[in-house]
Amino acid sequence: MTEPLLKIENLRIELALRSGQAPVIDDLSLELRPGETLSFVGESGCGKSMTALAIMGLLPEKVGSIAGGRILFDGRDMAQMNDAQLRSIRGNEISMIFQEPMTSLNPVYTVGEQIAEVLRRHKGMSKQAAWARAIELLDAVRIPNAKSRVSDYPHQMSGGQRQRVMIAIALACAPKILIADEPTTALDVTVQAQIFDLLRDLGRETGTAIILITHDMGAVSEMADRMVVMYAGRKAEDGPVAPVISHPRHPYTKGLISCVPHLLAKLTEQRPDLTEVPGIVPALASFGADACLFASRCDMADDKCRSSRPPEVAFGEQHSACWKADQL
Amino acid sequence: MTALLTVENLSVRFPIKRGWGKTSWLYAVDDVSFEVQRGETLAIVGESGSGKTTAALGVARLVGNSGGKVDLAGEDFLALEPEALRRARAKVQVIFQDPYSSLNPRLRAEAIVREPMDSIGTLPVDQRAARVAELFEQVGLRPEQMKLFPHQFSGGQRQRIGIARALATNPELIICDEAVSALDVAVQAQILNLLRRLQRDLGLTYLFISHDLGVVQHMSDHIAVMYMGKIVEYADRLSLFNSPRHPYTKALLSAVPSVDQKRKVERLLIPGDPPDPLNPPRGCRFASRCHFVEDACRSEQPPLTEVAAHHKVACIKA
Ligand SMILES: Nc1ncnc2c1ncn2[C@@H]1O[C@H](COP(=O)(O)OP(=O)(O)OP(=O)(O)O)[C@@H](O)[C@H]1O
Ligand SMILES: Nc1ncnc2c1ncn2[C@@H]1O[C@H](COP(=O)(O)OP(=O)(O)OP(=O)(O)O)[C@@H](O)[C@H]1O
Ligand code: SF4
Ligand SMILES: [Mg+2]
Ligand SMILES: [Mg+2]
């Protein structure tokens, strides 16, 4: 097995709430290998973006902090780095595409200026060289007429094109890791398909490892090699995508897959009701409890689930944090 | 079966100001005809800006400048005078995408649900409170929640309030415009099941707009596929999903990622961007992006033509 590019060990991130500190990420461990695509899935508020922000060293100031664990990138612990060290990695060796492309592009600069700026800052390129490279990058993300579109302002582009510009910026410095936080949520499925194709090709061509955050199991199964299912700041399950989807070992994963109507190869008249997972994700204040945090919504829960946190159990490469994982 | 809604040659246009005083018209919906049977769900799909919302709201005269003919439960909707229209509005209600912004934050949940009854006057005043209680039960909210304000509910619960409000006037047609798109998958399942249960129990008819084709496949009886203001394909559920005929529909379906390992379709990428809606091409509107295009496609607009039972396609090669 290849050495992991990124290794997160027992990461704990605490947020300051009015009622005290709460662990928004609680004892999370995972590995990302070179060239692979890893997907984070889970409902809103489960801590997917927080994990990404922690890796980027971008936790919300004064509110969030790393309270324990290590984030090893190329053997160095990012949790111990100062701002200057993080800045040299961010946007350079690890870069991120955010959920909403319009708010993360600056409306007063052309897209070319915004790409060139990253190259000049991290690579010390001259103005002309950076501009030429910006055109190449727009071309690489398949913006037609890159040479003239490079002088467009963000509002002159469609949503899909803006997202491709974001990808061009993220790729400008040939990062080792690209974190894509719901990169296609606001886009049409046909545009999403273009963006996914692009990400897949780039991964293949440059060996960039991708962390794809999404709530779409279909996207996970098409895009990712391995997946991490998050629930209430904890890892519920992880493993290679195919076995996790065909045989989930955690009731939450099972619920996430079966509550969604998936497009089928052959549609029939049958149309049973969707599986319901009752209730919602617990409030942040209760994330730290010594219990399975899914217990209030789980139809298999018993007293043990409600009174002690389930440890991780391995099934080959698949891991599940459920007391009853072997019964699933 | 009888048609609850018959739409003939519906066009909806918006005035767009360009430059000094010059107004051009944007035909967001352009000469569209369809029928919805009572108790059924017609889904409208298509890319962003294709005119789904405008078509649905245009039917109820809730948007823009409509032309054509709309027959809703025997009423000639586009010809109604203002007072008659106000009363007729009781028959059609809308559930919006955003449960956060579509509810007045200063009103208690019970007042929000009651509001359409007050404004349309469908029920004697002394019976309205009981009706609100009944609606709360129907959508799975608890009675004590009637006194709460919107911010005190979760997203899914807020969407239930939106549904209760839509049901308040005993409508026959409900327009669901991306009604579950903002919800988490687990909550989405609850709301979709609720909508289907209400449809069975109350005989409701839905115009169901969603960009999620898995959801559409689950909810619809018939599907209209729109592209740039036109219906390009119209079919029953099995025909559309198992044997799509229009190149745009094929590309759309092939773009959807799925967990079904057997569903290994070859992806048909759609190149380029859609043309300027203010200046649509003369022939087929999909011609500039279509893999199967030939000269004839560019000269004349292909009409929506029946190719099989319950299956119409607007493509000369279908
Ligand atoms: N700046 C902040 N201050 C306080 N709490 C925050 C902040 N940002 C996020 N949170 C809380 O942290 C928890 C995890 O949030 P996170 O953004 O990681 O969720 P997510 O899994 O990315 O959800 P989504 O799918 O909605 O993007 C949530 O309960 C959220 O309300
Ligand atoms: N009030 C308005 N004034 C001017 N143009 C409008 C107005 N409402 C919609 N349009 C235009 O009409 C066209 C159709 O818009 P519509 O909102 O119906 O699309 P849609 O298919 O519902 O898209 P989406 O999936 O993004 O909701 C678009 O070109 C849009 O810009
Ligand atoms: S530990 Fe118990 S409550 Fe938690 S998921 Fe497993 S069975 Fe359900
Ligand atoms: Mg997030
Ligand atoms: Mg719309």
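The coordinates are above.
Residues numbered from 1 in each chain as written. Chains lettered and ligands numbered in written order. Predicted model: local features only at pLDDT ≥ 70, side-chain atom pairs only at ≥ 80, totals over all residues. Heavy atoms only, no water.

K.L.:
Would you explain the site of ligand 3 in this entry?
P.N.:
Residues in close proximity to ligand 3 total 13 residues, the closest being Cys292(A), Cys298(A), Cys305(A), Cys322(A) and Trp323(A). Residue classes in the shell around ligand 3 are distributed as 11 nonpolar, one polar and one charged. (Near = heavy atom within 4 Å. Nonpolar A, V, L, I, M, F, W, Y, C, P; charged D, E, K, R; others polar.)

K.L.:
Would you mind showing me how to read the interface of chain B and chain A here?
P.N.:
When the parts of a complex come together, some accessible area is lost, and that lost area is often used as the size of the interface. Tallying the contact residues gives 42 residues for chain B and 44 residues for chain A. Regarding the contact of chain B and chain A, the summed buried area is about 3,900 Å², with carbon and sulfur atoms giving 55% of it. The three residues of chain B that bury the most area against chain A are Val185(B), Pro257(B) and Val259(B), which together make up 16% of that side's buried surface. Taken together, the connections running from chain B to chain A amount to three salt bridges. Linking chain B with chain A are 17 residue pairs in polar contact (both at pLDDT 80 or more), by the criterion used here. Sort the elements by how many residues they give to the side of chain B that touches chain A and helix α6 (residues 185–202) of chain B lands first, with 10 residues. Looking at the side of chain B that touches chain A residue by residue, the classes come out as 19 nonpolar, 12 polar and 11 charged. (Contact = heavy atoms within 4.5 Å. Buried area = accessible area lost by both parts, 1.4 Å probe. Salt bridge = Lys/Arg side-chain N within 4 Å of Asp/Glu carboxyl O. Polar contact = N/O pair within 3.5 Å; in protein donor to acceptor, adjacent residues only side chain to side chain. Helix = DSSP H or I, 4+ residues; strand = E, 2+ residues; numbered from the N terminus.)

K.L.:
Looking at this structure, how should I read the site of ligand 2?
P.N.:
All names here are of chain B. All residues adjacent to ligand 2 are Phe-14, Ile-16, Leu-26, Ala-28, Glu-47, Ser-48, Gly-49, Ser-50, Gly-51, Lys-52, Thr-53 and Thr-54. Ser-50 is positioned such that a nitrogen or oxygen atom in its backbone is 3.3 Å from an oxygen atom of ligand 2. A distance of 2.7 Å is found between an oxygen atom of ligand 2 and a side-chain nitrogen or oxygen belonging to Lys-52. For ligand 2, whose unbound accessible area comes to 630 Å², protein coverage reaches 61%. The set of elements that each furnish at least two residues to the shell around ligand 2 consists of β1 (3–18), β2 (22–37) and α1 (52–59). Here the shell around ligand 2 gets three residues from one element, more than from any other, and that element is α1. Taken together, the residues that form the shell around ligand 2 break down as four nonpolar, six polar and two charged. (Areas by Shrake-Rupley, 256 points an atom, 1.4 Å probe, with all protein chains shown as cover.)

K.L.:
I'm lost on the packing of aromatic side chains in this one. Help?
P.N.:
To describe a pair of aromatic rings, one takes the distance between the centres and the angle between the planes. Inspection of every chain in the model, using the stated rule, returns six aromatic pairs over all chains. Pairing Tyr231(A) with Phe294(A) gives two aromatic rings, centres 5.2 Å apart and planes at 80°, and the pair type is edge-to-face. Separated by 63 residues along the polypeptide, Tyr231(A) in strand β9 (residues 226–231) and Phe294(A) in the loop between α11 (251–258) and α12 (303–307) bring together distant segments of the chain. Per residue, the accessibility class of Tyr231(A) equals that of Phe294(A), and both read buried. Counting every residue linked through ring pairs, the aromatic cluster contains Tyr231(A), Tyr252(A) and Phe294(A). Against the face of Trp323(A) rests Lys304(A), its NZ or CZ located 4.2 Å from the ring centre. The ring of Tyr234(B) has Lys312(B) lying over it, and the distance from NZ or CZ to the ring centre is 6.0 Å. (Phe/Tyr/Trp six-rings, centres within 6.5 Å; stacked < 30°, edge-to-face > 60°. Buried < 20%, exposed > 50% of the residue type's maximum accessible area, 1.4 Å probe, protein only. Lys NZ or Arg CZ within 6 Å of the ring centre and 35° of its normal.)

K.L.:
Help me understand the sheet that holds strand β3 (residues 41–45) of chain B in this model?
P.N.:
Two strands in a sheet stick together by hydrogen bonds in their backbones, pointing the same way (parallel) or opposite ways (antiparallel). Residue and element names in this part refer to chain B. Here we have eight strands laid out as an open sheet, ordered β6-β7-β8-β3-β9-β10-β12-β11, and mixed in their pairing. In the strand order of this sheet, the two ends are held by β6 (92–95) and β11 (305–308), each with one partner. Ignoring which end each strand starts from, the neighbouring axes of this sheet average 25° apart. Relative to strand β8 (residues 205–209), β3 is paired through four bridges, and the arrangement is parallel. Of the residues in β8, the one forming a bridge with Ile-44 is Ile-209. Each of β3, β9 (222–227) and β10 (230–236) touches helix α9 (residues 247–254); the most contacted strand, β9, lies at about 105° to it. (Pairing = 2+ DSSP bridges. Axes fitted to C-alpha atoms, helices over the stretch in contact; angles between N-to-C directions.)

K.L.:
Help me out: how do you make sense of α9(B) in this one?
P.N.:
For α9(B), the buried fraction is high: seven of the eight residues fall into the buried class. For α9(B), the complete set of buried residues consists of Pro247(B), Tyr248(B), Thr249(B), Ala251(B), Leu252(B), Leu253(B) and Ser254(B). Along its buried surface, α9(B) packs onto α8 (189–206) of chain A together with β3, α7 (213–219), β9, β10 and α8 (237–242) of chain B.

K.L.:
Got a minute to help me understand unusual backbone geometry in this structure?
P.N.:
Across residues other than glycine, the phi torsion is negative in most instances, and most of the peptide bonds are trans. Phi is positive for Ala174(A), close to 50°, though the residue is something other than glycine. Residue placement: Ala174(A) occurs in the loop between α7 (159–171) and β7 (177–181). Judged by relative accessible area, which is 60%, Ala174(A) ranks as exposed. For Asp31(B), which is not glycine, the phi dihedral falls at a positive 60°. Position of Asp31(B) relative to the elements: it lies in strand β2.

K.L.:
Help me out: how do you make sense of the pairing of strand β8 (residues 209–213) of chain A in this one?
P.N.:
The side chains of a regular strand alternate between both faces of the sheet. All names here are of chain A. Along β8, five of the five residues are buried, which leaves the element largely enclosed by surrounding structure. Here β8 shows no split at all, with Ala-209, Ile-211 and Ile-213 on one side and Ile-210 and Leu-212 on the other all buried. Inspection of the sheet shows strand β3 (residues 37–41) paired to β8 by four bridges, in the parallel sense. Within β8, the position partnered with Phe-40 by the bridge is Ile-213. Of the pairings in the sheet, the one linking β7 to β8 comprises five bridges and is parallel in character. In the sheet register, Ile-177 faces β8, and the bridge partner there is Ala-209. In this view, the connection linking β7 to its parallel neighbour β8 by way of α8 has right-handed handedness. (Right-handed = clockwise from strand over helix to strand, strands pointing away.)

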